[in-house]
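# Architecture and fold: a report
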Amino acid sequence: MTAFMTRRKSLLVAASAALALSLSACGGSSTSTSNPPVAEKPSFAADTTMAKLSSAGKIVIGTKFDQPLFGQKGLDGKPVGFDVEMGKLIAGKLGIPADKIEWKETVSANREQFIKNGDVDIIVATYTINDKRKAEVSFAGPYYEAGQALMVNKDNTSITKPEDVKGKNVCSVTGSTPAATIVEKYGAVLVPAATYSACLEPLRNKQVEAITTDNVILAGFVAKEPDAFKLASDQTFTKEPYGIGLKKDDTVFRNWINDQLEAFDKDGSYKKAWEATAGTVIKTAPTLPAINRHSRLSAPLPLRQPKEPMDVIIENLPQYWDGFLRTLFLSVVSGIIALIFGTILAAARVSPIAALRGFSMTYVEIVRNTPLTIAFFFAAVVLPRLGVTFQQFEVAAIIALSAYTSAFIAEAVRSGVNSVPVGQAEAARSIGMKFSQVLSLIILPQALRTVIPPMINILIALVKNSSVAGAFYVLELFGYGRQLANANGDAVLWVLVGVAFFYLLITVPLGYVATVVERKVAIAR
Amino acid sequence: MTTQVPGDALVSLNAVNKHYGQLHVLKDINLNVRKGEVVVVIGPSGSGKSTLCRAINRLETIDDGVIKIDGKVLPEEGKELAKLRADVGMVFQSFNLFAHKTILENVTLGPIKVKGLSKTEADKDAMALLERVGVGHQAPKLPAQLSGGQQQRVAIARALAMKPKVMLFDEPTSALDPEMINEVLDVMIQLAKEGMTMIVVTHEMGFARKAADRVVFMADGQIVEDATPEEFFTNPKSSRAKDFLSKLLTH
Ligand SMILES: Nc1ncnc2c1ncn2[C@@H]1O[C@H](COP(=O)(O)OP(=O)(O)O)[C@@H](O)[C@H]1O
Ligand SMILES: [Mg+2]
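Bear in mind that the values here come from a model prediction, so they are computed numbers and not experimental data.

Across all of its chains, the model carries 28 salt bridges over all chains by this definition. Across the salt bridge formed by A:Glu411 and A:Arg349, the nearest N and O atoms sit 3.3 Å from each other. A residue pair is termed long-range when its members are at least 10 positions apart, and A:Glu411 in helix 15 (residues 393-419) and A:Arg349 in helix 12 (residues 317-349) qualify at 62 residues. Like A:Glu411, the residue A:Arg349 is buried in the burial classification. A salt bridge links B:Arg54 to A:Glu426; its shortest N-O distance comes to 2.4 Å. With one member in each of two chains, B:Arg54 in helix 1 (residues 49-56) and A:Glu426 in helix 16 (residues 422-430) form a pair that bridges those chains. Accessibility assignment for this pair places B:Arg54 and A:Glu426 in one class, buried. Taken together, the salt bridges that share partners define one network made up of A:Glu426, B:Lys18, B:Arg54 and B:Glu60.

Turning next to the interface of chain B and chain A. Counting residues at the interface gives 23 residues for chain B and 16 residues for chain A. Put simply, chain B and chain A have 1 salt bridge between them. The tally of links between chain B and chain A comes to 7 residue pairs in polar contact (both at pLDDT 80 or more). For the side of chain B that touches chain A, the secondary structure elements donating two or more residues are helix 2 (79-86), strand 6 (88-91) and helix 3 (103-113) of chain B. A per-element tally of the side of chain B that touches chain A places helix 2 of chain B first, with 4 residues.

All names here are of chain A. Note on placement: Ser406 falls in helix 15. Looking at Ser406, the relative accessible area reads 0%, which means it is buried. A polar side-chain atom of Ser406 sits 2.9 Å from the main-chain carbonyl oxygen of Ala403. Excluding residues that lie within four positions of it along the chain, Ser406 makes contacts with Ala338, Phe341, Gly342, Leu345 and Tyr363.

In this structure, A:Pro142 follows A:Gly141 across a cis peptide bond, with omega equal to 10°. Among the structural elements, A:Pro142 can be located in strand 7 (residues 138-146). At B:Lys163, a residue that is not glycine, the phi angle is positive and equals roughly 50°. Mapped onto the elements of the fold, B:Lys163 is located in the loop between helix 5 (148-160) and strand 7 (166-170). The phi dihedral of B:Glu171 falls on the positive side, at around 45°, and the residue is not glycine.

By definition, a disulfide links the sulfur atoms of two cysteines through a covalent bond. All names here are of chain A. By the definition in use, this model includes 1 disulfide over all chains. Between Cys171 and Cys199 runs a disulfide, and the two sulfur atoms are separated by 2.0 Å. Where Cys171 bonds to Cys199 through sulfur, the torsion about that S-S bond is close to -70°, and the disulfide is left-handed. Of this pair, Cys171 sits in strand 9 (residues 169-173) while Cys199 sits in the loop between strand 10 (189-193) and helix 7 (200-204), placing them 28 residues apart in sequence. Here the two residues Cys171 and Cys199 agree in accessibility, since each one is buried.

Conventions adopted
- Residues numbered from 1 in each chain as written.
- Chains lettered and ligands numbered in written order.
- Predicted model: local features only at pLDDT ≥ 70, side-chain atom pairs only at ≥ 80, totals over all residues.
- Heavy atoms only, no water.
- Salt bridge = Lys/Arg side-chain N within 4 Å of Asp/Glu carboxyl O.
- Helix = DSSP H or I, 4+ residues; strand = E, 2+ residues; numbered from the N terminus.
- Buried < 20%, exposed > 50% of the residue type's maximum accessible area, 1.4 Å probe, protein only.
- Contact = heavy atoms within 4.5 Å.
- Polar contact = N/O pair within 3.5 Å; in protein donor to acceptor, adjacent residues only side chain to side chain.
- Disulfide = S-S within 2.5 Å.

Structural data, given as structure tokens:
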């Protein structure tokens, strides 16, 4: 029922957004498309692409059908957006009216192929100019420079620039360039997700404070839910030039389009197209980027040098270190909570009150016999459903880890308590001590010595168990390891060696302490 | 305050019964111990002597009957019980000194934590008590560094530090090497002379003859005889007591 409602609601939102867009785009006319000026019988040199298209009186333009504000299919089946406006402006200069344009949906994977096959004449589809693509097609423009930006909740005022996200949770797609940039350059805490849409709920719940990727994608989300989200700023902090794709080496056509782009800039139609479309979200109208006139031969792609295996560890030391600190943090905080709660559980287990004994026993038995992932699932997924929400996933991870570990601590403490002769408690009771005094003054101090070695083993297990947090959006040592392994497919082994090394950095000293204590206890007996 | 008529019972057990599962360990026990009285409990192993002691300061619960200390019924659990327990000192067969505390701390812990005495006050009292039982110079040591006899004397001092109304001794010398028995018994005899009310489970007839006002003979969870030491040792009435004494004397 609720799922149905939400779907209905988001459909409605999308529909009204599209409606609002088309209304603003056509300046009040009832059709969903604008109609830019069409040149009357323009003349072109024979055999040029312009002449061919102009005399045919129609053009096939590839664009996206699913990118709000740039190219998105409207209610009438025709796409609307800034890319579409650019296409119409160019067609107009060829003397082709908007209704003679055939719009073809292009997606990232098929754009070069469509141009090569002649399926489309030009492509205006948030099409980033890069060397790899230039080897297959030519680009006019750039006509727009997109770039990485941040999207935040509408009420957020604390994040206006990328420097503001230092130490804060930011969601992006696993392994993507924006994800790497926000972590490495701006020190954000990455909460990785499979898709950008998957970042929306965490943002809404404030589990993350921002989502980062291209401003164009983010603006699309804002357009759909303008009451929920906004761009942190109209500025971008990386540059992604968008070009108009055409057949490779059709230099005449390319130069002509470049001329038109400059003309659109001069006569204000560029700005008008922006304001009617993407400008509804990205209020600051862009200036036309410097046109790339000369088809420079781009430098060949640098061949990736085969690396020394150890390099992957050395190069990524900062990330390892960061992951190490996070793992240490998770372990220490969870460890302290588990020690306290576990001791309380053990005390309850030997208390004179039957209800406390029962609770402690049930808790310990259930938790000890349940996989850790269930505890995580409970803390990260079930608790939020029950209305307990967390600012950060770390909190859920700490709850899960300490709840889980405390059961084992409780058992260790209990066996330590059992190792203290009953006479000690009886003597303490016989001089009038209360249960709590007997426990804290007589039993626990004596139990502690025997309890420390098994306790340290539990803490070592906790350090290793904290890696499960990586699967629940908390980035710690293991999570970083997984990212590095993805990014360095050829050196997975060494990535993992690095991960293991940093775990050992915590667990080996702990094990050493256990050995020393064990020896001391042996002497004291 | 109730009027303390001489002869009033400081410890009174009335129709007390206790089972361990099927085993009936205390059978309809009636026992009154007056203020200043020293009662020796004697009987074969397994007859319920320890259980009796432990019931009196509520280390064990009882099934039915009433146990009163200075006229007050033993409470079930909690603060009240802890308070009443402090009135009943107990000395165990195996000393049970707190292994992680020094001799001095063993004696001061109760006064400080239960009675709320200051450390200086408690230290002063404790040192006096330790001197009294002859182990004053051992104060800073840990229990494991003392002999059994010394440990048991510390245990007596620890119990006395709470200023109890009655002292229970459960075979205080059974775990000791023979040469150490007397140093502990001497302390107990001294205590008896000073007027302490005492219930002592022991097979030391010398102590019974010297210090006891009464001897209570237990067998199979019942009080079989209750007499003066003289009467009991020279002229036991029951065949069980006769039998027990003959075995004891041959040792
Ligand atoms: N905690 C217990 N659980 C079950 N039986 C017990 C327990 N303590 C003592 N008993 C039994 O109760 C009987 C009396 O024990 P106890 O009072 O220790 O005798 P005594 O001190 O006279 O030797 C014995 O048969 C003993 O085995
Ligand atoms: Mg006994």
